[in-house]
Amino acid sequence: MDLTFSDAEDAFRAECRAWLEANVPRGLPSGDTAEGFALHLDWERALFDSRWAVVSWPEAYGGRDATPMEWLIFEEEYYRAGGPQRVTQNGIFLLAPTVFAFGTQEQRDRILPRMAGAVDLWCQGWSEPNAGSDLAGIQSKAVRDESEGGWRLSGQKTWTTRGAFCTHLFGLFRSDPEAERHHGLTYFLVPLDAPGITVRGFGRLDGDEGFAEVFFDDVAVGDDAVLGEVGKGWSVAMATTSAERGLTLRSPGRFMATARRLVDLFGARGSHADPVIRDAVVRAWIDAEAYRWQTFQTVTRMTDGDNLGAESSLTKVFWSDLDVRLHEVALELLGADAEADVEGWAKGYQFALSGPIYAGTNEIQRNVIAERVLGLPRK
Ligand SMILES: Cc1cc2nc3c(=O)[nH]c(=O)nc-3n(C[C@H](O)[C@H](O)[C@H](O)COP(=O)(O)OP(=O)(O)OC[C@H]3O[C@@H](n4cnc5c(N)ncnc54)[C@H](O)[C@@H]3O)c2cc1C
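Everything in this summary refers to the structure shown in the same document. (Residues numbered from 1 in each chain as written. Predicted model: local features only at pLDDT ≥ 70, side-chain atom pairs only at ≥ 80, totals over all residues. Heavy atoms only, no water.)

Remarks on the pairing of strand 7 (residues 211-221)
- Pairing analysis gives 6 bridges linking strand 3 (residues 151-157) to strand 7, with the strands arranged antiparallel. Paired with W151 across the strands is V221, a residue of strand 7.
- Across 6 bridges, strand 6 (residues 197-202) lies against strand 7 in antiparallel orientation. If you follow V199 over to strand 7, its bridge partner there is V214. (Pairing = 2+ DSSP bridges. Helix = DSSP H or I, 4+ residues; strand = E, 2+ residues; numbered from the N terminus.)

Remarks on the site of the ligand
- Near the ligand you find 17 residues, and of these S127, S133, T161, T361 and E363 are the closest.
- Within the contact set of the ligand, an oxygen atom lies 3.0 Å away from a backbone nitrogen or oxygen of W126.
- Within the backbone of W159, a nitrogen or oxygen atom sits 3.1 Å from a nitrogen atom of the ligand.
- In isolation the ligand offers 970 Å² of accessible surface; the protein chains occlude 64% of this area.
- A per-element tally of the shell around the ligand places helix 11 (residues 362-373) first, with 3 residues.
- Taken together, the residues of the shell around the ligand sort by class into 6 nonpolar, 10 polar and 1 charged. (Near = heavy atom within 4 Å. Polar contact = N/O pair within 3.5 Å; in protein donor to acceptor, adjacent residues only side chain to side chain. Areas by Shrake-Rupley, 256 points an atom, 1.4 Å probe, with all protein chains shown as cover. Nonpolar A, V, L, I, M, F, W, Y, C, P; charged D, E, K, R; others polar.)

Structural notes on unusual backbone geometry
- If you check the backbone angles, A118 has positive phi at about 55° while not being a glycine.
- One non-glycine residue with positive phi stands out, namely A359, at about 60°.
- Examined against the element boundaries, A359 turns out to sit in the loop between helix 10 (345-352) and helix 11.
- Since its relative accessible area comes to 8%, A359 is described here as buried. (Buried < 20%, exposed > 50% of the residue type's maximum accessible area, 1.4 Å probe, protein only.)

Let's talk about a nonpolar patch on the surface
- Side chains of V263, V282, W285 and I286 sit close together on the surface and give an oily, nonpolar patch of about 330 Å² of accessible area.
- Sorting elements by how many residues they give to the nonpolar patch places helix 8 (residues 275-303) first, with 3 residues.
- Structurally, V282 is set in helix 8.
- For V282, a relative accessible area of 43% corresponds to the partly exposed category. (Patch = residues over 30% accessible without salt bridge, like charges linked within 9 Å, V, L, I, M, F, W, Y side chains within 5 Å. Salt bridge = Lys/Arg side-chain N within 4 Å of Asp/Glu carboxyl O.)

Re helix 7 (residues 252-269)
- Its 18 residues place the ends of helix 7 25 Å apart at the C-alpha level, agreeing with the 26 Å of an ideal helix rising 1.5 Å per residue.
- Taken as a whole, helix 7 has its buried residues at P252, G253, R254, F255, M256, A257, T258, A259, L262, L265 and F266.
- Here the buried face of helix 7 lies against helix 3 (68-80), helix 8, helix 9 (312-334) and helix 10. (Expected span 1.5 Å × (residues − 1). Contact = heavy atoms within 4.5 Å.)

Topic: the nonpolar core
- L20, W57, L95, M115 and Y187 are the most contacted members of the largest nonpolar core, which totals 50 residues.
- If one sorts the elements of this core by residue count, helix 3 sits on top with 7 residues. (Core = buried A, V, L, I, M, F, W, Y, C linked by side-chain atoms within 4.5 Å.)

Examining the environment of T186
- Along the chain, the position of T186 falls in strand 5 (residues 185-191).
- A residue is classified by how much of its surface remains accessible, and T186, at 0% relative accessible area, is buried.
- Setting aside residues no more than four positions away along its own chain, T186 makes contact with G171, L172, F173, S175, V226, E229, V230, G231 and G233.
- Only 2.6 Å separates the side chain of T186 from the side chain of S175, close enough to count as a polar contact.
- One polar contact links the side chain of T186 to the main-chain amide nitrogen of G231, over a distance of 2.8 Å.

Considerations on helix 10
- Within helix 10, burial applies to W345, A346 and A352. On an axial view of helix 10, the arc spanned by its buried residues comes to 120°, and they lie on one face.
- Of the surrounding elements, those touching the buried residues of helix 10 are helix 7 and helix 9. (Arc of directions from axis to C-beta.)

Overview of the packing of helix 9 against helix 11
- Running from N to C, helix 9 and helix 11 cross one another at 145°; their axes reach a closest spacing of 8 Å. Handedness of the helix 9/helix 11 crossing: left-handed. Residues S313, L314, K316, V317, S320 and D321 of helix 9 form the contact with helix 11, whose own contacting residues are N362, Q365, R366, V368, I369 and V373.
- Considering only residue class, the contact of helix 9 with helix 11 consists of 5 nonpolar, 4 polar and 3 charged. (Axes fitted to C-alpha atoms, helices over the stretch in contact; angles between N-to-C directions. Left-handed = near helix turned anticlockwise from the far one by under 90°.)

Quick word on the pattern of salt bridges
- Applying the stated criterion to the full structure yields 31 salt bridges.
- Note that R17 and E77 form a salt bridge whose closest N and O atoms lie 2.8 Å from each other. Of this pair, R17 sits in helix 1 (residues 7-23) while E77 is found in helix 3, placing the two residues 60 residues apart along the sequence.
- The partly exposed category is assigned to R17, whose relative accessible area is 28%.
- Note on E77: relative accessible area 2%, which makes it buried.
- With a closest N to O distance of 2.8 Å, R204 and D206 form a salt bridge.
- Looking at D206, the relative accessible area reads 19%, which means it is buried.

Here's what the structure looks like:
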């Protein structure tokens, strides 16, 4: 792997940096509230208007045809400039790679430009009250509509992030109740204003109203709502999880920016800190850098044609644990001031605690690592 940036990459970084420094909004409220979500959309539409929303996508869909390395550079600069978490992330970072891989040309042309421009807002409808870690246990059904054509969807999804603010959902439904658990699933793309859908928002532990339950009561959708093949939803979904755990959802730039804030906090407050805290600050910063270099290696491998597959579970455990550590050390430094949520560290900590749960819990990732990366026996 080449550890130097090319002149073109340096020029790309300079261009991103200049635009982001001039345009990143300051002090937006949380995007997981109705008011904050609307303000974040204004920002994400401004990104799109200047072709910074989806840099790695083709120009025809609003991107810049950027290489994976340039995309990483953009992400570093985005967070370095203080850019907020993207409220369209579940569409652009999770669903989009899956549409590129499995969608028909008609689906790509119809779905991707509206997703990039934050016109259609996508949420992820996988978890159900009785199916979280055991994703293959989902019970929501898709039944073939023999008279009208298309499908009829029914069932319930839960923990749907920003579902109350979104316009569309990508979800897994059981289309063949007779088939073995992983084989009877189909991946659907559904507008949330379809008759028969009820979306009920509910609050998270941190007080934001970012979750929703979504109920499907005999909802009619056409055949063009199926992504990939009927009955092959599990393999389509695994492509989404690879993006969610691996590269796109949580790029290193986000953690490098948090590590820099931690070092600044230490500089401001840590002069009398004990060596154990100093060591923890250094360790957290090194880990964020390590994630950066490991990601460069991953991107190099993928550019050479490798598939990340189950190894994305290693990445997911690393970034989610790292995020918790970064915030824990900050709270140690702040002491009692943490109660006042100085610079958002306490709120950030609450969200960091959910990292080992969402995108598949870290216990499940460790099972995947044991069985599929290390080849250990299941029992
Ligand atoms: C912030 C946040 C956002 C989320 N957003 C979405 C979303 O947008 N869309 C969506 O569909 N879902 C979403 N989820 C749900 C998330 O995917 C589930 O919470 C997660 O998969 C765990 O499922 P569960 O909550 O049902 O817990 P369970 O599966 O009931 O797990 C409970 C505990 O048992 C452990 N466990 C379960 N099975 C095993 C096993 N085989 N081996 C070892 N340990 C095991 C788990 O690790 C966990 O500690 C979100 C969750 C959070 C926290």
